Amino acid sequence: MKDKIVHFLKADSNISRLSILLFVSVVALAIMEPDIFLTQDYMVSMLYLFPEFGILALGMAFCMISGGIDLCVVATANFSGILACIFMKTVLGDSETPGAGIAVLCIAVLLALLIGMICGALNGVLIAKLGIPPILATLGGSDLVMGLAIALTKGSSVTDIPPALNATGTHIFGNLFPVTLLVFILCACFAAYQLNKTTFGYKLYMMGSNATASRYSGVDNEKTIMKTYIFSGMLAAVSGLLMCARFNTARADFGSSYTMQAILICVLGGVNPNGGSGKVRGVVFAVLILQVLSSGLNMFPSLSNFYKDLIWGAALILIIACNHVGNRLAEKRLLGGN
Amino acid sequence: MKTKKLLKRNEFYVAVTIFLLSLVIQLRSGQFFTANNFVDLARAMIIPGMLTMGVMMEIISGGIDVSFPAISMLSMYATLELLLKTEYDGPVALAFAVATMIGLCLGLINGALICWLKLPAFIITLGTSSIYLGFMQAVLKSHTSSLLPGPVSRMVKSFLLTVTNQELGISSSLPSVFVFLIIIVAFTAFLLKYTMLGRGIYALGGDPVAAERAGFHVNGIRLFVYGFMGALAGFVGITRTILVGSCQPNSLIGYEMTCIAAVVLGGTRISGGHGTVTGSLLGALLLTMVSNSLILMGIPTYWSKFVTGILIILGTGVSAYQALKRQKQLAANVLED
């Protein structure tokens, strides 16, 4: 019996740890501030907000599993958002017909996805074909893409966007189920499918744990890297559209803290920064925890918003340290068992 | 032979780019080769020049650091608050000493975590950066203020030399803190080239296992490198306050990427083991020129980020591509045998 429990905890210790953490934080907040936390509005607002950085984190997870990192996600998100908004503005002009609005919105979404894929492909080319280390390639790519976005908007924001985007993005089904949550679920399913059910996912894990070994096993590493960063760019574009919908404007400098948050979520969710392991469900749990804690902090007005930075940083280091100590203990137990 | 070797070095291409850029700026504006512009460039080089020395050392050792702007701002703010509270009015050296000590401690925390957790330094310092910044903004409740402690504010008006353009009537002054840049650059160059510690930093970046077997104290070297960066960042914090003339606790946010870009542009390999002081200084000069002089060329400043991105990609792409080609050649040879 004891063996079985130990086995279960070991098999997915990170997920069980995360679910306990999520449960504890929800219960703690519910006990401390039941009047605010347990209301329907508050719950819905939490569900409405997290997909923005959650989707970025999903893309980041792909890159981190491959052994790289994508510092370009926020720039890609803003750039595709800006282009999509400009496109909608130019095509739609002042026309008021709602049908046309929806049609143009659909094309704009496709356009944003395409832009995101192009940005991702740019990073992929730099990493796979030129051999630039991912940190630098995506750093340069981020400056390039964000520079284009700034130059395009001349540093100001794109306003007067047709109402279709805002109306669709902020819609809440039956006052319970925000559209953004639906988008997040779709993205998470897509990511989980890619990682678990396709050869691409299998190759990704292989390449992440040992790039040389995977190359000698006949895996086309270059193609896998390209695909990884294209996916990340595409997911970033989705997140960019959600941001534009929420703010009803497009700017080059939205969500500047999201890069840090996306990395934090991935590490918290058990994605190995050295590559090779990580699960979508871990990332989803980590996103939920981050949003619950973040909303929880907002309930205490005496704490300034800056405490969030402090807490996220401390959480990141703490989780890494816990994993490290856990791994050490597991190693010791293995060695002792022999 | 010597010219062939020269052509292979990144420094050479960066120097050529700087030369061409300065010619273009001169042709477009006629303002580049003036005493005023040189003094302004030297002044703008003080902060990036000092910081790139520390960043270069970390990258040579195989690490990286994104937390030094946070360290710099936190130690600067804490020191100024402390001196203001105690109404300190002695020599300005104490301000530098206190900030350097705070920075050293924060840098050592980075170093210790990196040694202990054995994870990419990028992720660790991203975390500590957030902690330091959050500590300054939330716990110390930092805010911009023009109130400086007496000794520091007297230092603001201390200049080495002043040049005045007779035609335009504009004068530019070189602050005394420029001396510190020279001292730090000379110290770094000496340390890297002539001491066992310096050789150890290169060895560690080349191959940590080999360095350990060769008898280098690997963790000690790591601690030194991050501690040095922290101390330097603390020192730069006060220097920057003197340059700007007011206490601006958020002014360096995002600066880490510029410094890393400068170091990498100058030919330091991000994977460690290679890098020179000259290269990093040239890289810093190029980026400073881009951000300072685009306006002289009639290019709107909102293009500067784009140009930086192009420079990073070009600067790193060329050498990375060469390395990749060599590696592929090698792999092909092995397979044929």
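Residues numbered from 1 in each chain as written. Chains lettered and ligands numbered in written order. Predicted model: local features only at pLDDT ≥ 70, side-chain atom pairs only at ≥ 80, totals over all residues. Heavy atoms only, no water.

Comments concerning the overall build of chain A
Convention followed: Strands are runs of DSSP state E lasting at least 2 residues, helices are runs of H or I lasting at least 4, and numbering of each runs from the N terminus. Two things to know: the radius of gyration comes from C-alpha atoms, and the globule rule equals 2.2 Å times the number of residues to the power 0.38. Any residue under 20% of the maximum accessible area for its type is buried, any over 50% is exposed, and the rest in between are partly exposed; the area is computed with a 1.4 Å probe on protein chains only. In what follows, residue pairs with any heavy atoms lying within 4.5 Å of each other are defined as contacts.
Across its full length, chain A holds 16 helices and two strands. Against the compact-globule benchmark of 20 Å for 338 residues, chain A has a radius of gyration of 21 Å, which places it among compact chains. By principal-axis analysis of the C-alpha atoms, chain A measures approximately 75 × 55 × 35 Å. A burial count over chain A gives 51% of its 338 residues as buried. For chain A, the share of sequence-separated contacts (at least 6 apart) that also reach a separation of at least 24 residues comes to 79%.

Digging into the overall build of chain B
Applicable threshold: All accessible-area figures derive from a Shrake-Rupley calculation using a 1.4 Å probe, and residue coverage is judged against the displayed protein chains alone. For the charge count, each Lys or Arg is scored as positive and each Asp or Glu as negative, with His and the chain ends excluded. Note that the charge is assigned to NZ on lysines, CZ on arginines, CG on aspartates and CD on glutamates.
Broken down by element type, chain B carries 14 helices and two strands. A compact globule built from 337 residues should have a C-alpha radius of gyration of about 20 Å, and chain B, at 21 Å, falls within 12% of that. Counting only C-alpha atoms and orienting by the principal axes, one finds that chain B spans roughly 75 × 55 × 35 Å. Burial statistics for chain B: of 337 residues in total, 50% are counted as buried. Long-range contacts, defined as pairs at least 24 residues apart, comprise 76% of the intrachain contacts of chain B with a sequence gap of at least 6. For chain B, the exposed area adds up to about 15,400 Å²; of that, 65% sits on carbon and sulfur atoms. Within chain B, one finds 22 positive and 13 negative side-chain charges whose respective centroids are separated by 6 Å.

Re helix H12 (residues 255–265) of chain B
All names here are of chain B. Burial analysis of H12 places eight of its 11 residues in the buried class, which makes it a mostly covered element. Buried residues of H12: Glu256, Cys259, Ile260, Ala261, Ala262, Val263, Val264 and Leu265, and no others. Within two residues after H12, Gly267 carries a phi angle of roughly 95 degrees, on the positive side.

Concerning the interface of chain A and chain B
Short version of the rule: Salt bridge, as applied in this entry: a Lys or Arg side-chain nitrogen positioned within 4 Å of an Asp or Glu carboxyl oxygen. Residues adjacent in sequence count toward polar contacts only when both atoms are side-chain atoms; beyond that, a polar contact is any pair of N or O atoms within 3.5 Å, and within protein one must be able to donate a hydrogen and the other to accept it. By the convention adopted, Pro, Cys, Tyr, Trp, Phe, Met, Ile, Leu, Val and Ala count as nonpolar, Lys, Arg, Asp and Glu as charged, and the other residues, Gly among them, as polar.
Tallying the contact residues gives 45 residues for chain A and 41 residues for chain B. Counting every contact that joins chain A to chain B gives one salt bridge. With a shortest N-O distance of 3.6 Å, Asp143 of chain A and Lys305 of chain B are connected by a salt bridge. Viewed at the interface, chain B and chain A are joined by two residue pairs in polar contact (both at pLDDT 80 or more). Sorting the residues of the side of chain A that touches chain B by element identifies helix H7 (98–128), helix H8 (134–153), helix H12 (211–216), helix H14 (258–268) and helix H16 (307–337) of chain A as the ones contributing at least two each. Here the residues of the side of chain A that touches chain B are counted per class, giving 30 nonpolar, eight polar and seven charged.

Brief notes about the pattern of salt bridges
The tally for this structure, following the rule as stated, stands at six salt bridges over all chains. Salt-bridge contacts for Lys129 of chain A lead to Glu222 of chain A; the nearest nitrogen and oxygen are separated by 3.1 Å. Of this pair, Lys129 of chain A sits in the loop between H7 and H8 while Glu222 of chain A is found in helix H13 (residues 221–247), placing the two residues 93 residues apart along the sequence. Taking the relative accessible area as the measure of exposure, Glu222 of chain A reaches 22% and is therefore partly exposed. Glu81 of chain B is paired through a salt bridge with Lys85 of chain B; the nearest N and O atoms lie 3.9 Å apart.

As for the pairing of strand E2 (residues 171–175) of chain B
Residues and elements named next belong to chain B. Selection criterion: By this definition, two strands are paired if DSSP reports at least two bridges between them.
Within E2, four of the five residues are buried, which leaves the element mostly enclosed by the surrounding structure. In this structure, strand E1 (residues 159–164) lies alongside E2, joined through five bridges in antiparallel fashion. Bridged to Thr164 within E2 is Ser171.

Let's talk about unusual backbone geometry
For Asp160 of chain A, which is not glycine, the phi dihedral falls at a positive 55 degrees. Here Asp160 of chain A lies in the loop between H8 and helix H9 (163–169).

Details of the nonpolar core
Where we set the bar: The nonpolar core is taken to be a set of buried Ala, Val, Leu, Ile, Met, Phe, Trp, Tyr and Cys residues, with the residues joined through side-chain atoms within 4.5 Å.
Ranked by size, the top nonpolar core spans 176 residues in total, and within it Leu58, Met64 and Ile263 of chain A together with Phe122 of chain B carry the most contacts. If you tally residues by element for this core, the top one is helix H3 (residues 35–60) of chain B, at 14 residues. With residues near it in sequence (within four places) discarded, Met64 of chain A still touches Ile69, Ile263, Cys266, Val267, Val271, Asn272, Pro273 and Gly275 of chain A together with Ile123 of chain B. By size, the runner-up hydrophobic cluster in this structure holds 26 residues, among which are Phe79, Cys85, Met88 and Ala112 of chain A.

Examining helix H9 (residues 196–206) of chain B
Along H9 of chain B, the residues classified as buried are Gly198, Gly200, Ile201, Tyr202, Leu204 and Gly205 of chain B. On its buried face, H9 of chain B sits against H3, helix H8 (178–194), helix H10 (208–213) and helix H11 (218–244) of chain B.

Some words on the packing of aromatic side chains
Basically, it comes down to this: Any Phe, Tyr or Trp ring, taking Trp's six-membered ring, that has another such ring centre within 6.5 Å forms a pair; planes under 30 degrees apart are called stacked, those over 60 apart edge-to-face, and the others tilted.
Across all of its chains, the model carries 16 aromatic pairs over all chains by this definition. For the ring pair Phe190 of chain A and Phe231 of chain A, a centre distance of 5.2 Å and an interplane angle of 80 degrees mean the geometry is edge-to-face. Placement of Phe190 of chain A in helix H10 (residues 179–197) and of Phe231 of chain A in helix H13 is noted, with a sequence separation of 41 residues between them. We classify Phe190 of chain A as partly exposed; its relative accessible area is 26%. Considering the side-chain rings of Phe33 of chain B and Phe38 of chain B, the 6.1 Å spacing of their centres and the 65 degrees angle between planes classify their relative orientation as edge-to-face. An aromatic cluster is present here, built from Phe62, Phe190, Phe200 and Phe231 of chain A joined pairwise through their rings.

Digging into the packing of helix H4 (residues 40–49) of chain A against helix H5 (residues 51–65) of chain A
Geometry of a packed helix pair, given as the angle between the helix axes and the separation of the axes. Residues and elements named next belong to chain A. Operational definition: Axes, fitted as lines to C-alpha atoms, cover a helix only where it is in contact. Angles between the N-to-C directions of the axes lie from 0 to 180 degrees.
In contact at an axis separation of 6 Å, H4 and H5 are set at 35 degrees when each is read in the N-to-C sense. Of the residues in H5, those in contact with Leu47, Tyr48 and Leu49 of H4 are Pro51, Glu52 and Phe53. Looking at the contact of H4 with H5 residue by residue, the class counts come to five nonpolar, no polar and one charged.

Focus on the side chain of His324 of chain A
Mapped onto the elements, His324 of chain A comes out in helix H16. Apart from the residues lying within four places of it in its own chain, the contact partners of His324 of chain A are Trp116 and Leu117 of chain B.

Structural notes on a nonpolar patch on the surface
Residue and element names in this part refer to chain A. Cut-off, in case you're wondering: Exposure above 30% relative accessible area and the absence of a salt bridge qualify a residue for a patch, where like charges join within 9 Å and nonpolar side chains (Val, Leu, Ile, Met, Phe, Trp, Tyr) within 5 Å.
Taken together, the side chains of Phe173, Leu176, Phe177, Leu182, Ile185 and Leu186 define a hydrophobic patch exposed on the protein surface, amounting to about 530 Å² of accessible area. Per element, the largest residue contribution to the nonpolar patch is three residues, and it comes from H10. Mapping Phe173 onto the fold places it in strand E1 (residues 172–173). Since its relative accessible area comes to 40%, Phe173 is described here as partly exposed.

Focus on the confidence of the model for chain B
The condition that has to hold: What pLDDT conveys is the predictor's confidence in a given residue, as a value from 0 to 100.
Taken as a whole, chain B shows an average pLDDT of 86; of its residues, 96% reach a score of 70 or greater. For chain B, per-element mean pLDDT is lowest for helix H1 (residues 2–7) of chain B, which scores 67, and highest for H8 of chain B, which scores 94.

Structural notes on the packing of H9 of chain B against H11 of chain B
Residues and elements named next belong to chain B. For clarity, the threshold we go by: Each angle is binned into one of four classes, with values under 35 degrees roughly parallel, values over 145 roughly antiparallel, values of 65 to 115 roughly perpendicular, and all other values oblique.
In contact at an axis separation of 10 Å, H9 and H11 are set at 105 degrees when each is read in the N-to-C sense. In terms of orientation, H9 and H11 fall into the roughly perpendicular class. In contact with Leu197, Gly200, Ile201 and Leu204 of H9, H11 contributes Val218, Ile221, Arg222, Phe224 and Val225. In the contact of H9 with H11, the residues fall into seven nonpolar, one polar and one charged.

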